[in-house]
Amino acid sequence: MESARRKEARQESGLDNSKEREEIAKAVAEEEKRRKKKEDKKKALLETPAFQTMTTIRTVMDKFMIDPIIGFVAPAAGDIISAICALPFIYFSLFKVKSIKLALACIFNTVVDMAIGLIPILGDIFDLFHRSYKKNLDMIVGYVNDEEQAVHDTNIRCLWIIPLLIVFAGLLFVVYKVICNIIYYL
């Protein structure tokens with residue numbers, strides 16, 4: 001047991017670290033509270049109907065190979081359908097996760113999938129291996145879980161979206177002109 005005078009002398013000389021211990025304990029408790037809140041938010045995100053929809057789309061389009069089949073059966077329409085199926089991924093990124101970078105990265109994967117799918121036959125074969133829905137879902141889950149590689153991939157894809165969209169728009173323009181010329185000469 002320590003006397004009051006001795007305790008006071010320790011505090012005045014700076015040898016008493018009880019305040020320091022209290023501050024550390026308080027900081028640890030706040031950090032634990034923040035971590036718990038973040039975990040609850042992650043869990044809530046992964047249980048939303050939007051996430052379940054994305055999981056179903058990934059399963060149907062990538063696992064059961066519906067994406068390349070639609071692209072083969074209806075060449076241009078298949079890519080449009082494929083892009084429409086990517087909308088829940090973009091919605092989830094923007095409005096649930098609230099990340100513009102993540103949404104742009106999902107758009108990047110979708111545009112790459114569409115651009116490749118526009119190549120007759122070869123694009124459909126490549127679509128068997130590309131699996132953009134799986135990439136988008138994995139990237140979203142990794143981003144939500146703060147995985148370093150997922151965040152890095154998201155940042156890289158986000159940077160490449162503008163040049164890719166310019167190239168894609170140019171390709172669409174060329175295809176449009178070719179089709180117009182074919183129709184004109186018929």
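Criteria and cut-off values
- Position labels on residues start from 1 in each chain and follow its written sequence.
- In view of the model being predicted, local features appear only for residues whose pLDDT reaches at least 70, and side-chain atom pairs are presented and counted only at 80 or more, with totals across whole chains, interfaces and linings using the full set of residues.
- Each side-chain value is worked out from all heavy atoms of the structure, with water and hydrogens disregarded.
- Any pair of Phe, Tyr and Trp rings, taking the six-membered ring for Trp, is counted once the centres come within 6.5 Å. Such a pair is stacked with planes under 30 degrees apart, edge-to-face with planes over 60 apart, and tilted for the rest.
- Relative accessibility decides the category of a residue: with a 1.4 Å probe and only protein chains considered, values under 20% of the type maximum give buried, values over 50% give exposed, and everything between is partly exposed.
- Starting at the N terminus, helices and strands are each numbered in turn, a helix being any DSSP run of H or I of at least four residues and a strand any DSSP run of E of at least two.
- Positive: Lys, Arg. Negative: Asp, Glu. His and the chain ends are not part of the count.
- Salt-bridge detection follows one rule: a side-chain nitrogen of Lys or Arg within 4 Å of a carboxyl oxygen of Asp or Glu.
- Two residues form a contact once any of their heavy atoms are found within 4.5 Å.
- Two joining distances apply to patches: 9 Å for like charges and 5 Å for nonpolar side chains (Val, Leu, Ile, Met, Phe, Trp, Tyr), and every residue must have over 30% relative accessible area and no salt bridge.
- Surface exposure here means Shrake-Rupley accessible area, sampled with a 1.4 Å probe, where a residue is shielded only by the protein chains that are shown.
- Note on geometry: axes are C-alpha line fits, over the in-contact stretch for helices, and angles between N-to-C directions span 0 to 180 degrees.
- Orientation categories follow fixed angle ranges, with anything under 35 degrees roughly parallel, anything over 145 roughly antiparallel, 65 to 115 roughly perpendicular, and all other angles oblique.
- Crossings are assigned a handedness: left-handed for a near helix turned anticlockwise from the far helix by less than a right angle, right-handed for a clockwise turn.
- With a 1 Å grid laid over protein atoms only, a set of points is called a cavity when a 1.4 Å probe fits there but cannot get out and a pocket when it is open yet has protein on both sides within 12 Å along at least five of seven lines; lining residues have an atom within 4 Å of a point.
- Grid points are joined across faces, edges and corners, and a volume is the space filled by probe spheres set on the points.
- Each residue gets one label: Ala, Val, Leu, Ile, Met, Phe, Trp, Tyr, Cys and Pro are nonpolar, Asp, Glu, Lys and Arg are charged, and the others, such as Gly, are polar.

Structural notes on the packing of aromatic side chains
Step number 1: If you walk through the whole model with that rule in mind, you get four aromatic pairs.
Step number 2: Judged by centre distance (5.2 Å) and plane angle (75°), the rings of Y184 and Y185 are edge-to-face. Of the two residues examined, Y184 and Y185, each falls in the exposed class.

Quick notes on the side chain of D79
Step number 1: Residue placement: D79 occurs in helix α5 (residues 75-85).
Step number 2: Despite its burial, D79 pairs with no opposite charge; the closest candidate is K135, at 14 Å N-O.
Step number 3: Residue contacts for D79: discarding those within four places in its chain leaves D113, M114, G117 and L118.

Considering a nonpolar patch on the surface
Step number 1: Nonpolar side chains collect at one region of the surface, where I69, F72, V73, I119, I121, L122, I125, L128 and F129 lie side by side and expose about 940 Å² of accessible area between them.
Step number 2: Listing elements by their share of the nonpolar patch, those giving two or more residues are α4 (66-73) and α8 (122-130).
Step number 3: It is α8 that provides the largest number of residues to the nonpolar patch, a total of four residues.
Step number 4: Mapped onto the elements of the fold, F72 is located in helix α4.
Step number 5: Judged by relative accessible area, which is 55%, F72 ranks as exposed.

Regarding the packing of helix α7 (residues 100-117) against helix α9 (residues 132-144)
Step number 1: Viewed as axis vectors pointing N to C, α7 and α9 meet at an angle of 165°, and their least axial separation amounts to 9 Å. The pairing of α7 with α9 is recorded here as roughly antiparallel in orientation. Our pair here, α7 against α9, has a crossing hand that is right-handed. Between α7 and α9, the contacting residues are L102, A105, C106, N109, T110 and D113 on the first element and S132, K135, N136, M139, I140 and Y143 on the second.

Comments concerning the layout of surface pockets
Over the atoms, a rolled probe matching the size of one water molecule traces out where space is still vacant.
Step number 1: Roughly 350 Å³ of volume is contained in the largest pocket.
Step number 2: Around the largest pocket, the lining is made up of 17 residues, and of these P75, A76, D79, L118 and V175 lie nearest the centre.
Step number 3: Elements supplying a minimum of two residues to the lining of the largest pocket: α4, α5, α7 and α10 (148-185).
Step number 4: Within the lining of the largest pocket, the residues separate by chemical class into 13 nonpolar, two polar and two charged.
Step number 5: Empty space within the second largest pocket amounts to approximately 160 Å³.
Step number 6: Of all the secondary structure elements, the ones that give two or more residues to the lining of the second largest pocket are α2 (18-46) and α9.
Step number 7: For the lining of the second largest pocket, the leading source of residues is α2, giving four residues.
Step number 8: Tallied by class, the residues present in the lining of the second largest pocket amount to four nonpolar, no polar and four charged.

With respect to the environment of F168
Step number 1: If you trace the backbone, F168 turns up in helix α10.
Step number 2: F168 gets classed as buried once you look at its relative accessible area, which sits at 10%.
Step number 3: Sequence separation between F168 and S18 is 150 residues, and the spatial gap between their C-alpha atoms is 64 Å.

Overview of the pattern of salt bridges
Step number 1: Counting across every chain of the model gives six salt bridges.
Step number 2: Taking the shortest distance from any N to any O, the salt bridge between E31 and R34 comes out at 2.6 Å. Placement of the pair is E31 and R34 together in helix α2, with a separation of three residues, close to one helical turn.
Step number 3: According to the relative accessible area criterion, E31 is partly exposed, its value standing at 40%.
Step number 4: Given the relative accessible area of 45%, R34 is considered partly exposed.
Step number 5: One salt bridge in this structure joins K42 and E39, with 3.3 Å as the shortest N-O distance. Highlighted residues: K42 and E39, both in helix α2, separated by three residues, approximately one helical turn.

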